[in-house]
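# Summary of structural features
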Amino acid sequence: MFTAPQATDHKSLSAPDWSAIRADFPLLSQLAHQQPLAYLDNAATTQKPNAVIDSITHFYRFDNANVHRGAYQLSERATLAFETARDKIQRFLHAPSREEVIFVRGATEAINLVAQSYARPRLKPGDEILISAMEHHSNIVPWQMVCLQTGALLKVVPINDSAEINIAEYQALLNKKTKVVALTHLSNALGSITPVDQMIAMAHAREIPVLVDGAQAAPHLSLDVKQLDCDFYTFSGHKIYAPTGIGVLYGKQSYLEAMEPYQGGGDMISRVSFEHSDYNCLPYKFEAGTPNIAGVIGLGAAIDYIQAIGIDHIKQRERLLLDYATAGVSLIKGLRIIGTARDKASILSFVMDSAHPHDISTILDQQGVAIRAGHHCAMPVMTRFDVPATARASFSFYNNESDIDQFLQGLHLVNNIFSGKNG
Ligand code: PLP
């Protein structure tokens with residue numbers, strides 16, 4: 001019998017004990033440059049709680065075997081652990097069936113899968129793929145590749161100065177030639193939350209399928225693919241407290257059934273001869289080769305962990321941290337926030353008159369504060385806001401006000417250094 005290590009049930013407390021939750025993440029207790037580590041790069045990747053680390057260690061210590069193959073106890077245990085995680089993810093997404101949950105390497109692979117297996121065989125010259133102006137490169141380049149392969153055209157819905165999608169323009173861009181819409185649920189560079197429910201309904205009114213890139217949304221928002229009615233939904237494990245190298249593609253069964261496999265190999269077939277191969281049923285048709293078994297088990301444990309805290313508690317906590325940080329940076333001279341959407345999650349992108357984002361992040365690093373600087377794999381967003389790069393602090397529920405105070409002190413230091421006050 002598979003016995004996964006259990007996550008601490010923080011949800012049983014009416015208000016979660018956030019310092020106890022922080023203590024579940026061993027990495028966060030270390031020093032960086034002799035200062036407490038303030039890890040504020042959660043949009044790039046998240047730290048892992050003991051429950052996730054222990055689930056992986058447990059798998060390798062006691063249950064490691066290949067899945068779906070061995071007729072022996074160990075392999076049966078590994079398969080049970082692997083498929084139990086699929087059930088957890090189905091419930092987490094509110095997907096109608098477990099066959100619609102496909103394991104992939106991450107959001108990037110999921111989008112490439114849909115681009116190649118759904119779009120490429122169906123698109124003709126002159127057809128259109130519609131994305132937004134605030135997509136991550138992972139939701140731009142796979143579609144550009146399909147455009148090159150098929151002669152289709154990539155169309156882009158603009159955003160306003162607050163980094164909100166222009167819905168009237170979106171409506172105007174949807175037309176008979178639009179064959180796929182692909183939208184971020186939450187922008188990694190700006191923090192904006194896209195009104196995907198409304199946008200999906202508008203696309204469906206024209207029978208256009210919609211892929212939602214949930215790489216940033218999965219750790220911060222409650223997800224219900226059935227209610228959203230999206231046709232495809234993608235996310236990456238490592239942004240939701242699980243390991244790297246594992247992610248999920250949800251797809252409506254009718255689409256997945258109609259699509260050709262993305263890759264060929266073991267596990268995705270039911271019968272092979274030199275003349276012909278029959279493909280396996282869903283979800284295995286899209287899972288060629290030995291999967292990332294430990295990653296899947298770690299992802300299941302991560303989902304147990306955040307569900308034990310409760311996504312509503314997480315949303316409230318992260319809203320509070322974002323508001324606290326936004327109020328703090330508003331007092332910093334020469335700092336401008338890039339991305340001021342009304343509906344926004346815990347991502348704070350900014351530029352400063354005094355220093356380039358790379359200098360900001362280098363100075364903050366010396367103060368023990370880890371933030372990201374650069375284009376955040378969203379170069380067109382930088383062009384839209386006419387900046388070469390931004391500095392970005394992104395918060396998780398395990399962050400606290402001290403992390404943000406340390407970050408704000410670092411920003412004051414940036415101004416002092418570049419105005420010559422510090423020597
Ligand atoms: N989409 C968004 C909005 C992202 O933020 C990211 C990663 O930063 C991705 C897609 C790609 O995710 P991954 O690199 O895990 O495949």
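In short, a report on the structure. Computed from a predicted structure; not experimentally measured. (Residues numbered from 1 in each chain as written. Predicted model: local features only at pLDDT ≥ 70, side-chain atom pairs only at ≥ 80, totals over all residues. Heavy atoms only, no water.)

## Observations regarding the state of the cysteines
- Under the counting rule described, the total for this entry stands at zero disulfides.
- Considering cysteine sulfurs only, Cys 147 is the nearest to Cys 377, which forms no disulfide, with 20 Å between them. (Disulfide = S-S within 2.5 Å.)

## Brief notes about the site of the ligand
- The local shell around the ligand holds 13 residues, among which Thr 108, Asp 213, Gln 216, Ser 236 and Lys 239 are the closest.
- Here Ser 236 contributes a side-chain N or O atom positioned 2.7 Å from an oxygen atom of the ligand.
- Between the ligand and the protein, one listed contact pairs an oxygen atom with a side-chain N or O atom of Lys 239 at 2.7 Å.
- When the ligand sits alone it has 390 Å² of accessible area, and the protein chains cover 86% of it.
- By residue class, the composition of the shell around the ligand is two nonpolar, nine polar and two charged. (Near = heavy atom within 4 Å. Polar contact = N/O pair within 3.5 Å; in protein donor to acceptor, adjacent residues only side chain to side chain. Areas by Shrake-Rupley, 256 points an atom, 1.4 Å probe, with all protein chains shown as cover. Nonpolar A, V, L, I, M, F, W, Y, C, P; charged D, E, K, R; others polar.)

## Observations concerning the packing of helix 11 (residues 311–329) against helix 14 (residues 401–418)
- As a packed pair, helix 11 and helix 14 sit with axes 10 Å apart at the nearest point and diverge in direction by 20 degrees. What the angle tells us is that helix 11 and helix 14 run roughly parallel. Handedness of the helix 11/helix 14 crossing: right-handed. Of the residues in helix 14, those touching helix 11 at Arg 317, Leu 320, Leu 321, Tyr 324, Ala 325, Gly 328 and Val 329 are Glu 401, Ile 404, Asp 405, Phe 407, Leu 408 and Leu 411.
- Of the residues assigned to the contact of helix 11 with helix 14, the class counts are nine nonpolar, one polar and three charged. (Axes fitted to C-alpha atoms, helices over the stretch in contact; angles between N-to-C directions. Helix = DSSP H or I, 4+ residues; strand = E, 2+ residues; numbered from the N terminus. Parallel < 35°, antiparallel > 145°, perpendicular 65-115°, else oblique. Left-handed = near helix turned anticlockwise from the far one by under 90°. Contact = heavy atoms within 4.5 Å.)

## Examining the packing of aromatic side chains
- Applying the stated criterion across every chain yields a total of 15 aromatic pairs.
- Consider the rings of Phe 92 and Phe 235, whose centres lie 6.0 Å apart with planes at 65 degrees: the pair is edge-to-face. With Phe 92 in helix 3 (residues 73–93) and Phe 235 in strand 9 (residues 232–236), this residue pair connects regions lying 143 residues apart in the sequence. The exposure classification of Phe 92 matches that of Phe 235, with both residues buried.
- Among the aromatic side chains, those forming a connected cluster through ring pairs are Trp 18, Phe 25, Tyr 241, Tyr 305, Phe 397 and Tyr 398.
- Across the ring face of Phe 385, the terminal group of Arg 384 is positioned such that the distance to the ring centre comes to 5.0 Å. (Phe/Tyr/Trp six-rings, centres within 6.5 Å; stacked < 30°, edge-to-face > 60°. Buried < 20%, exposed > 50% of the residue type's maximum accessible area, 1.4 Å probe, protein only. Lys NZ or Arg CZ within 6 Å of the ring centre and 35° of its normal.)

## Let's talk about unusual backbone geometry
- Between Leu 282 and Pro 283 the backbone carries a cis peptide bond, its omega angle lying at 0 degrees.
- Position of Pro 283 among the secondary structure elements: in the loop between strand 12 (277–279) and helix 10 (293–309).
- Even without glycine at this site, Tyr 241 takes up a positive phi of about 75 degrees.
- The backbone of Asp 267 sits at a positive phi, close to 75 degrees, despite the residue not being glycine.
- When you line up the elements, Asp 267 lands in the loop between helix 9 (253–258) and strand 11 (269–272).

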